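An overview of the molecular structure
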Amino acid sequence: MYWEMNSWERNPRPRDHNAASIRRRARYNSLRAPGAASFLCAHPSLTSRVSSDVWSIMLKRHLDTPVYDDSIIPLLCTHCQRPMDTRGDHAAMCRHGYGVVHRHNILRNALARHAFRAAGLRCDLEVPSLLPGTSHRPADLLVQPAPPPAGDLPDRPTAYDVTVRSPYQAAALSPAAQDLAGAAEAADNAKLRTHARTVREVFHLLPNAPLPTLDWHFVPLAFDTLGAPSARTTGVLETLSHRIARRTSTTYGSAKLRLSQRISFAIWSSVASATLAQMPYHDVALSCPAQV
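Bear in mind the structure is a predicted one, so any value in this text is a computation, not a measurement.

The full count for this structure, using the stated rule, is zero disulfides. The thiol of Cys80 is unpaired, and the distance to the nearest cysteine sulfur, on Cys77, comes to 3.7 Å.

Shown next, in the form of structure tokens:
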């Protein structure tokens, strides 16, 4: 990754580089983000226990080496029958089986348990009817405000919308190559645009009209499939880490590290599980022991 630094500094626009260089740069910007690959030093626990095959794929994807050999038989995804690339990128974008939806739910549950509830906040999953007359569910996690100080009015609940985007998909590749955690930032902005458009449709507002004040906040929690969080998501996790540290009588640094490791492990292991599930046969070239 480092030998291309001067080239990217002279020409920071992705269109000035070839596809292989853009992909490497996108990976570099994701792995540089705080906590992105912290699964590598995750504390032993039930949440960090996976099979040898899954752990092997997690390591190969981190090193960006082939997860299987397709030199003999080209592989097709067992769910959508599309060609699979040797580095497992297809599994991070496929919507079938253990793909996008399954990964979203894994991360949502991890955030509910290890972030919000560990911080002493009450949260509900997949809350419907926040926007009347639509099937849109902006609250993957509806978190109630903490008790206010004496005499203060309580704040509004917050609807957190969880999203995970691959930095290698076509729409995210350019921003991922330009900025740190660019794919997560793009996903964050896309969620805000979608929410604003939905609210305007519900209240029959013109496209440029200001949004009405709702009785709840909307905040995206955006990551990419290499574990990089958006800047807004990082701020939320830091606030929660402070609360967890106070509740558990530990240091802020320890609480933040443990939370980062659990989120990173949830993302990387779910992508690896999807990759393994989409193979018509389990062709894992390296044999790596499971984490214990």
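So, next bit.
The four strands lie next to each other as S1-S2-S3-S4, forming an open sheet whose pairing is mixed. Looking along the sheet, the strands with just one partner apiece sit at the ends: strand S1 (123-127) and strand S4 (217-224). Across the sheet, the mean angle separating the axes of adjacent strands is 30 degrees when strand polarity is ignored. In the sheet, S1 pairs with strand S2 (residues 139-143) via four bridges, with the strands oriented antiparallel. Note that in S2 the partner of Asp124 across the bridge is Leu142.

A few words now on the side chain of Arg25. The topology assignment puts Arg25 in helix H2 (residues 19-31). In this structure, Arg25 is buried with no salt-bridge partner, the nearest side chain bearing the opposite charge being Glu9 at 6.7 Å.

Turning our attention to the layout of surface pockets. Considered as a void within the structure, the largest pocket measures approximately 400 Å³ in volume. Together, 21 residues line the largest pocket, and His104, Asp161, Val162, Thr163 and Lys191 are the ones closest to its centre. Those elements that provide at least two residues to the lining of the largest pocket are helix H4 (100-117), strand S3 (158-165) and helix H6 (182-202). Here the residues of the lining of the largest pocket are counted per class, giving seven nonpolar, six polar and eight charged. When its volume is computed, the second largest pocket comes out at roughly 310 Å³. Lining of the second largest pocket is provided by 15 residues; of these, Thr47, Ile106, Phe265, Ala266 and Ser269 occupy positions nearest its centre. Counting only elements with at least two residues in the lining of the second largest pocket, the list comes to H4 and helix H8 (252-278). Within the lining of the second largest pocket, the residues separate by chemical class into five nonpolar, seven polar and three charged.

Cut-offs and rules
- Residue indices follow the written sequence of each chain, beginning from 1 at its first position.
- Selection of residues for local features in this predicted model requires a pLDDT of at least 70, selection of side-chain atom pairs for listing and counting requires 80 or more, and totals for whole chains, interfaces and linings are taken over all residues.
- Derived side-chain values reflect all non-hydrogen atoms in the structure, with water molecules and hydrogen atoms excluded from consideration.
- Cysteine sulfur atoms are paired as a disulfide whenever they come within 2.5 Å of each other.
- One bridge is not enough; two strands pair if DSSP finds at least two bridges between them.
- For the purposes of this entry, the term helix denotes a DSSP run of H or I that reaches at least four residues, the term strand denotes a run of E that reaches at least two, and both are numbered from the N terminus.
- All axes here are fitted lines through C-alpha atoms, helices being fitted over the stretch that makes contact, and every angle between N-to-C directions spans 0 to 180 degrees.
- Think of it in three bands: with a 1.4 Å probe and only protein chains considered, a residue is buried below 20% of the maximum accessible area for its type, exposed above 50%, and partly exposed in between.
- Lys and Arg are tallied as positive, Asp and Glu as negative. Neither His nor the chain termini are counted.
- We count a salt bridge whenever a side-chain nitrogen from Lys or Arg sits within 4 Å of a carboxyl oxygen from Asp or Glu.
- Here the term cavity refers to a set of points on a 1 Å grid, laid over the protein atoms alone, in which a 1.4 Å probe fits but cannot get out; the term pocket refers to an open set having protein on both sides within 12 Å along at least five of seven lines, with lining residues being those that place an atom within 4 Å of a point.
- Grid points are joined across faces, edges and corners, and a volume is the space filled by probe spheres set on the points.
- Amino acids outside the nonpolar list (Ala, Val, Leu, Ile, Met, Phe, Trp, Tyr, Cys, Pro) and the charged list (Asp, Glu, Lys, Arg) are all regarded as polar, and Gly is one of them.

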